[in-house]
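Residue-level listing of the chains:
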Amino acid sequence: MESFPWLTTLIVLPALAALVIAVVPQAKTNGRAIALGVSVIELVIAIAAATTFSYDTPAAIQLQEQAAWIPQIGVSWALGVNALGLVMILLALALVPLVLLAWRDTDAITDASAGGYAALVLALASCMVAIFAARDLFLFYVVFEVMLLPVYFLVGRYGGEKRRRAAIKFILYSLAGGLIMLVGVIAIYFAGPGGAEGFLIDNLVGAKMTTGTEMAIFISFFIAFAIKAPMVPVHTWLPDTAEAAPAGTSVLLVGILDKVGTFGMIMLCLPLFPTAAATAAPVIVTLAVISIIWGGLMAIAERDLLRLVSYTSVSHFGFIVMGIFIGSSVAMTGAMVYMVAHGITTAAMFFAVGFLGRRGQSVAITDYSGMQRTTPVLAGLFLFSGLASIALPGLSGFVPEYMVLMGSFGANIWAGSFAVLGVIIAALYVLLPYQRVFTGAEDRARLATTDDLDSSEKFIMTPLVVAMVIFGVLPALLIGPLTPVAEQTTITTNATIHAVERSTQ
């Protein structure tokens, strides 16, 4: 089975299923059931692919496939993953069935439109696999742009009251970043070896560029990834999009697609532009610390729960970016584990808020009080997920945040010290909304008509809770395979930092 095209299968299968659901009337009528079945098959195939991955060399690119695509300009259908890419694909494909099960989290999705919604989710699943597996820079860019389309329609067609404005803002920010990145893609091609395989990432590593050229291309890539991540000050599209999108769409958007930004920083920015990355690291770390504090403070001030969760993600992404650029392999490993932990906890938070909004027809904090009396399971799951997101010891968020902070203190004590403020702020932005929504005086009119989670909603939340506990108690399941990836990347960055320091002395 070593020669089986695992990654191509994982890309093509959901794309074909989405096409069938979209164009065949009978398939569209049963689209959600078909999509759910396909998503489960996808997950099984991904797990089978993971069993063929050699965990003795997790930093090596494996499950590789390559074929000429547009040889005239050196573009290849080149796929492959290291441990980080594999983990992100598994996380993405594990969340897709849960999103399809939770399809009724907005009034905009009806029985008649559920097929179209399901087709878009499958199309997005195909893009998520492709983006984490692409080993050709042009292919990566194409998927980076194509994946905007299903998100745009998921928000613009199936979102809430402000969906059209949010969808347009999302697409404008993303397209702006993509166009800037395109300039860099073209530039690095001419700086690289060129030829029939001129966009292969492995061939571009070590390309000889002048210092100015490398910095300019690095900035073009970083801006695109910073928008996707999202980082302050290019984060403002996220709260608006999360507020308007169905909760399930936000699960994939914030839990997975925003990780494309940090994934690109690790897999492209650092290996392709090591000197520029080392030179720009102090500025990027400063922006990351600002994101940690600003995102947390905005979450405390927010009165819309969906926007609140999105602002907490701005803060969390600050920790991840700081871990990537601080110059510590411990912090880098923590950042990678953080990407997974955040995907799980944020998914649970968005689902919980979606379930609450479905019952109360509102996600405004001021519209609720005392909800734990009639929805104790929902209240408990919201609190549990929130505690995991703020790094309660024993849950999935604790070890990665601790590793990022520990590595940061060793590399830059000032950045680590300011980032610790984010830990204090985090306790407030989780516990205060819990207190206001689920405790306090009873809202008898609302409580009288509110039921707790049903069996399907409990089923959706169960694997997320289990994952939070497993990765909290056994973090080595992630740390083990991701540490060699971090060490390989960080060693390159550190060596370049020392070279830059020597050249400026």
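Looking now at the overall build of the protein. Along the protein, the regular secondary structure elements total 22 helices and two strands. Its C-alpha atoms put the protein at 70 × 55 × 40 Å along the principal axes. Within the protein, buried positions represent 59% of all 505 residues. Within the protein, contacts between residues separated by at least 24 positions form 81% of all contacts whose residues are at least 6 apart in sequence. Of the roughly 18600 Å² of accessible surface on the protein, a fraction of 67% belongs to carbon and sulfur atoms.

Look at helix 5 (residues 114-133) against helix 6 (residues 137-146): their axes get within 9 Å of each other, and the N-to-C directions meet at 150°. By the angle between their directions, the pair helix 5 and helix 6 is classed as roughly antiparallel. With respect to the hand of their crossing, helix 5 and helix 6 are arranged in left-handed fashion. Of the residues in helix 6, those touching helix 5 at C127, A130 and I131 are F140, V143, F144 and V146. Across the contact of helix 5 with helix 6, the residue classes tally to seven nonpolar, no polar and no charged.

Bringing the pattern of salt bridges into the picture now. Going through the model one piece at a time under the given rule, you end up with nine salt bridges. Linking R307 and D240 is a salt bridge whose minimum nitrogen-to-oxygen distance equals 2.7 Å. Note that R307 is positioned in helix 15 (residues 305-325) and D240 in helix 11 (residues 237-244), a separation of 67 residues in sequence. The pair formed by R307 and D240 is uniform in burial state, with each residue classed as buried. Sharing partners across several salt bridges, the network here consists of K162, R165, K169, D240, E243, E302 and R307.

Omega for the peptide link from A229 to P230 comes to -10°, which places this bond in the cis form. Within the secondary structure layout, P230 lies in the loop between helix 10 (211-228) and helix 11. Its identity is not glycine, yet A391 carries a phi of approximately 70°, on the positive side. With respect to the secondary-structure elements, A391 resides in the loop between helix 17 (376-389) and helix 18 (398-411). For A391, a relative accessible area of 11% puts it in the buried group.

Let's shift gears to the pairing of strand 2 (residues 75-81). Taken across its seven residues, strand 2 has six buried, putting it largely inside the fold. The pairing of strand 1 (residues 62-70) with strand 2 spans six bridges and is classified as antiparallel. Opposite Q62, over in strand 2, you have V81 as the bridge partner. Between the end of strand 1 and the start of strand 2, which pair antiparallel, lie four residues, with G74 showing a positive phi angle near 80°.

It is worth spelling out the environment of I186 at this point. Locating I186 in the fold gives a position in helix 8 (residues 163-191). Given the relative accessible area of 42%, I186 is considered partly exposed.

Among the surface-exposed residues, V12, L16, L19, V20, V23 and V24 lie close enough to one another that they form a single nonpolar patch of about 490 Å² accessible area. Within the secondary structure, L19 sits in helix 1 (residues 6-23).

One pair of aromatic rings is described through two measures. These are the centre distance and the angle between the planes. Inspection of the entire model under this criterion finds 22 aromatic pairs. With 5.4 Å between their ring centres and 75° between their planes, Y117 and Y158 make a pair best called edge-to-face. Linking Y117 in helix 5 with Y158 in helix 7 (residues 148-158), this pair joins segments that are 41 residues apart in sequence. Considered together, Y117 and Y158 belong to a single accessibility category, that of buried residues.

The next point concerns the nonpolar core. In this structure, F218, F221, M322, F325, F351 and L464 are the most contacted members of the largest nonpolar core, which totals 184 residues. Considering every element that reaches this core, the biggest residue donor is helix 16 (residues 329-360), with 18 residues. Those residues within four positions of L464 in sequence are excluded, and the remaining contacts are L95, L98, I344, A347, A348 and F351.

This part covers the confidence of the model for the protein. For the protein, the average pLDDT comes to 89, and 92% of its residues sit at 70 or higher. Low pLDDT, under 50, characterises residues 498-505; the predicted model gives this stretch two contacts beyond four residues in sequence or across chains.

Let us now look at the packing of helix 6 against helix 7. For any two helices packed against each other, the geometry is given by the interaxial angle and the distance between the axes. The geometry of helix 6 relative to helix 7 is characterised by a closest axis approach of 5 Å and an angle of 10° between their N-to-C directions. With respect to their mutual orientation, helix 6 and helix 7 come out roughly parallel. Together, F144, E145 and V146 of helix 6 and L148, L149 and P150 of helix 7 make up the contact between the two elements. Looking at the contact of helix 6 with helix 7 residue by residue, the class counts come to five nonpolar, no polar and one charged.

Moving on to the environment of R436. Tracing the chain through its elements places R436 in helix 19 (residues 413-438). Distance from R436 to P239, taken between C-alpha atoms, is 21 Å for residues 197 residues apart in sequence. Each residue touching R436, except ones within four places of it in the same chain, is listed here: I300, R303, I365, Y368 and S369.

This part takes up helix 17. Taking 1.5 Å as the rise per residue, helix 17 with 14 residues should run 20 Å; its terminal C-alpha atoms sit 20 Å apart, in good agreement. When helix 17 is considered as a whole, its buried residues turn out to be L378, A379, L381, F382, S385, G386, A388 and S389. Taken together, the buried residues of helix 17 touch helix 15, helix 16, helix 19 and helix 21 (455-473). Backbone geometry just after helix 17 places A391 at a positive phi near 70°.

Reading the values: the criteria
- Residues numbered from 1 in each chain as written.
- Predicted model: local features only at pLDDT ≥ 70, side-chain atom pairs only at ≥ 80, totals over all residues.
- Heavy atoms only, no water.
- Helix = DSSP H or I, 4+ residues; strand = E, 2+ residues; numbered from the N terminus.
- Buried < 20%, exposed > 50% of the residue type's maximum accessible area, 1.4 Å probe, protein only.
- Contact = heavy atoms within 4.5 Å.
- Areas by Shrake-Rupley, 256 points an atom, 1.4 Å probe, with all protein chains shown as cover.
- Axes fitted to C-alpha atoms, helices over the stretch in contact; angles between N-to-C directions.
- Parallel < 35°, antiparallel > 145°, perpendicular 65-115°, else oblique.
- Left-handed = near helix turned anticlockwise from the far one by under 90°.
- Nonpolar A, V, L, I, M, F, W, Y, C, P; charged D, E, K, R; others polar.
- Salt bridge = Lys/Arg side-chain N within 4 Å of Asp/Glu carboxyl O.
- Pairing = 2+ DSSP bridges.
- Patch = residues over 30% accessible without salt bridge, like charges linked within 9 Å, V, L, I, M, F, W, Y side chains within 5 Å.
- Phe/Tyr/Trp six-rings, centres within 6.5 Å; stacked < 30°, edge-to-face > 60°.
- Core = buried A, V, L, I, M, F, W, Y, C linked by side-chain atoms within 4.5 Å.
- pLDDT = per-residue confidence, 0-100.
- Expected span 1.5 Å × (residues − 1).

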